[in-house]
Structure formats: C-alpha cells, structure tokens
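# Notes for the structure review
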Amino acid sequence: MGDAPRPAVLIINCGSSSVKFALIGVRGEVLILSGLAERLGSPEAGMTWKIGAERAARPLPDADLVTALHEMIGILPGDVQVVAVGHRVVHGAEEFSRSVRIEAAVLAAIERCNDLAPLHNPANLAGIRAAQKVFPTIPQVAVFDTAFHQTLPERAYLYPVPYDWYQTDRVRRYGFHGTSHRYVASEAARRLGRPLESLGLITAHLGNGCSATAIEGGHSVDTTMGISPLEGLVMGTRSGDVDPSLHEYMAARRGWSLERIMRALNRESGLLGLSGVSNDMRTLTEAAASGNARAQLAIDVFSYRLAKSICGLSAALSRLDAIVFTGGIGENNKLVRLRTAEHLKVLGVALDPARNETNGAPPTGLISRDGTLTCLVVPTNEELMIARETLSVLSS
Ligand code: ADP
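First, a word on scope: everything that follows refers to the structure included in this document.

Cut-offs used in this document
Residues numbered from 1 in each chain as written. Predicted model: local features only at pLDDT ≥ 70, side-chain atom pairs only at ≥ 80, totals over all residues. Heavy atoms only, no water. Pairing = 2+ DSSP bridges. Helix = DSSP H or I, 4+ residues; strand = E, 2+ residues; numbered from the N terminus. Contact = heavy atoms within 4.5 Å. Axes fitted to C-alpha atoms, helices over the stretch in contact; angles between N-to-C directions. Parallel < 35°, antiparallel > 145°, perpendicular 65-115°, else oblique. Nonpolar A, V, L, I, M, F, W, Y, C, P; charged D, E, K, R; others polar. Near = heavy atom within 4 Å. Polar contact = N/O pair within 3.5 Å; in protein donor to acceptor, adjacent residues only side chain to side chain. Areas by Shrake-Rupley, 256 points an atom, 1.4 Å probe, with all protein chains shown as cover.

This next bit is on the sheet that holds strand β2 (residues 19-25). One open sheet accounts for 8 strands, arranged β5-β4-β3-β2-β1-β6-β8-β7; its pairing is mixed. The sheet is open, and its two edges are formed by β5 (54-59) and β7 (100-101), each paired on a single side. By the bridge criterion, 6 bridges tie strand β3 (residues 30-38) to strand β4 (residues 46-51) in an arrangement that is antiparallel. Residue pairing across strands places Leu36 opposite Thr48, the latter belonging to β4. In this fold helix α3 (residues 121-134) packs onto β1 (6-14), β6 (80-89) and β8 (140-144), with an angle of close to 160 degrees to the strand it touches most, β6.

On to the packing of helix α6 (residues 178-192) against helix α15 (residues 382-395). Where α6 contacts α15, the axes come no closer than 9 Å and their chain directions differ by 90 degrees. Considering the angle they form, α6 stands roughly perpendicular to α15. Counted together, Thr179, Ser180, Arg182 and Tyr183 of α6 and Glu382, Leu384, Met385, Ile386, Arg388 and Glu389 of α15 form the full contact between these two elements. Of the residues in the contact of α6 with α15, the class split is 4 nonpolar, 2 polar and 4 charged.

Moving on, we come to the site of the ligand. What surrounds the ligand is the set Gly207, Asn208, Gly209, Asp280, Met281, Arg282, Gly327, Gly328, Ile329, Asn332 and Asn333. In the environment of the ligand, an oxygen atom lies 2.9 Å from a nitrogen or oxygen atom belonging to the backbone of Met281. Take Asn332: an N or O atom from its side chain is 3.3 Å from a nitrogen atom of the ligand. Computed on the free molecule, the ligand has an accessible area of 570 Å², of which 69% lies beneath the protein chains in the complex. Residue assignment for the shell around the ligand shows that the elements contributing at least two residues are α10 (281-289) and α12 (327-332).

In this section: the sheet that holds strand β12 (residues 322-326). Taken in spatial order, the 5 strands line up as β11-β10-β9-β12-β13 in an open sheet, and their pairing is mixed. Because the sheet does not close on itself, it has two edges, and the strands there are β11 (219-223) and β13 (374-377). Taking the axes of each pair of neighbouring strands and ignoring which way they run, one obtains an average angle of 25 degrees across the sheet. Here strand β10 (residues 210-216) runs beside β11; their pairing, made up of 4 bridges, is antiparallel. Opposite Glu216, over in β11, you have His219 as the bridge partner. Lying over the sheet, helix α11 (residues 293-314) contacts β9 (200-206), β10, β11 and β12, oriented at roughly 155 degrees with respect to β9.

And the structure:
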C-alpha cells in the first residue's frame, strides 16, 4: 500500500522574464523545492532548482511562462500533490488590504493597479493567467506586497501635495515588502515570548530592495517605501529619498529625459551609484575592508540613512520594544548592523559585538547588549508566509 500524497502549496513570484517558485509541504511547513526559471522568451532561457541539498539546471530555449510552469510540474517529486497556488502580487493599491482567492473580479482589480506598478503587476498577472492554464482545477490566491500597509493612518500615507492628486490619481504612500515585514514581526514576537499585540517594533528588510516599517500591535503604522518601491532607504541600485527637484536640475544640466533620469534613480544609484564598485553589499564590504574608500562611503551613507529612517519611524510608535533586521544584508552583514547601531544610541541601542558577529545568538537572534534596546536578526521567509496566507484564505 503506497503512502498518501503529501499536500503542498506552490508559490509563484513572476517577474517580466522570470519566475521564482517554491513548493511548501502543508504538514510541518517544509520547503520541498525551490527554483527559478529565467530569461524566458529568449534562446538562453533556463531553469535552476533545488530539492533538499541537490541542485539541478536545465536549458529551456525560447520557453515562455506556460512552458516553464509545465516543466516545473515535471520536476515535482512524485509523492507531492499541489493543493493550492499562492501568487506574490506587488501592488494591490487600496483595492486589497488582505490576501484573496483569485477570481475574475480580482484579476480586473489587479489590472486596475497596473499604472501604479507598470513593471511588476502585468508580470504578476501573466503569472496568474499562466498558472490558471497549467493548474485549471487548483485554487489560487493572490498575496500583495502592499496589503499589510493598508493600516497606515492618513497622516503617514498622504504626501503633502494637492489633495486631489490622491483623490483623482491615487497618489499616496502604499509601502511594499509587506509579507516580509509581517512575517518577521510575528516571528520576533514568538522568539521574544511576547504577544505581537503588545509590541512596538521596527523591522528593517534589507535585501536588493530595502524598506523599514513601524509595527504596533501587529499592524503597520508607517513604512519607508511610498507610491513605488523607490522611496525611502538607500538600496542596491535605487536612490531612495532624494530632493524631487533633482529631476528638473538634471534635465537642465544634462538634457536628460524623464525616462533617463528615472533609469538613473532606479538602476544606477544607491550602493552601486555611490561606490562605483557594486550593488552587492557583500562585494562592497570586501572592497571596503581592502581599502576602497568609495565602497566604505556607500556603506556609511546606507547605514546612516537607515538609522535616520528608524529614528523617524519611531515617531509612529507609542513604544519601541525591538528593532528587527532581515533580508540578505540584515541577516548577514554585521558591519552594516554595527554602523547603523552607532547612529541609534539616542534610542538606547548598543550591540553586543559577539552576538552581532554570529548574526544573532540562538535561539532568539539577539544582537543587542543586555539592558539596551532589543535588536534581533530574524531571517525572513516570504514563501512560507505566502503559503500560510494561501491556506488561511482557502480555509476561511
Ligand atoms: P532580494 O532582495 O533580491 O531577495 P537578498 O535578500 O538576497 O535579495 O539580499 C541581497 C543582498 O544581501 C546583497 O546586497 C548581498 O550582498 C547581501 N548578502 C547576502 N548574503 C550576504 C552575506 N553572507 N554577507 C553579506 N551580505 C550578504
């Protein structure tokens, strides 16, 4: 007699020419498989994946999204049964304050958000439509990056621009990385052994994109990203906050179009622009250690601006119990955490060098000294959060 198939949730995160996927077993929330199909639509298209510790790769010349998803089914372990598909969707605007089961009206509402995320939402929609073709009988759920931040109060989400920009053109701050901020907040509460409802937290998600969020009682009350993921912290290639008059100034100085300036702010700025070395913090840390002054400068600006934003976000909270670091940089880069902490003495932050050195003392991930403001390193797990959301939507 064979064992019953293992139920699992498939997580799909679709970009313009790539799709990241992960399969999470419902029992025990185990990561069964994760992978990436990229350069879709080109002769170089291919898929890489990992099952347990085993890695594999396969070229898929000229494959489109549907072909890639079919290929992905081919590599799923035979004893696994996909019971639901969870899609990461970047922008839900004010249409979505929670995850939803996907049906025709939901697709139309996501489409209405396309203007606000012209690079991301159409790709997410294409992923949903492809998955509906490939898994026509399996329920699908959309999980939005913006939904967690729909609890921001007006004073935090409105820009001080003419009010009718908000009314007519939906100009406001939305915030992103909501799935990650929400996950690490609940994980931090669990690790601290305190109810999330009782805590004031600031979570810093520092990956290629970076954002920080003030969370009170489990609700996002302010965040650094705005109408788009360009606002706020310094990022790998994104500038974060700049004076908006830069557009006019650089247009006049260099005769650049708006598109050219936006490309500079999105793709040529941040750590890459400042350092002239790399957008990758690991490379920059190594370069700084071997004496590259511009790499050091980029790390300094990154850390100082992060600290400044954390201080700003503390104004949104009635209490601050802990600062939580996550994302590739937040989880792994002791230098950035140390530099940031040096600018946060005013909040009572002091890191414990030994705890910081090991990326947090187990089991809590504590990096602060006893008797100072609690600082934790908590690895994010967006796929797991999307899987939980997917199952929770389907069971409600
Ligand atoms: P994404 O936002 O694309 O998910 P990640 O969360 O993986 O990206 O973060 C990428 C960033 O994390 C890069 O700047 C990378 O250098 C940094 N990073 C990842 N691992 C380490 C490490 N072991 N040490 C220092 N930095 C790291």
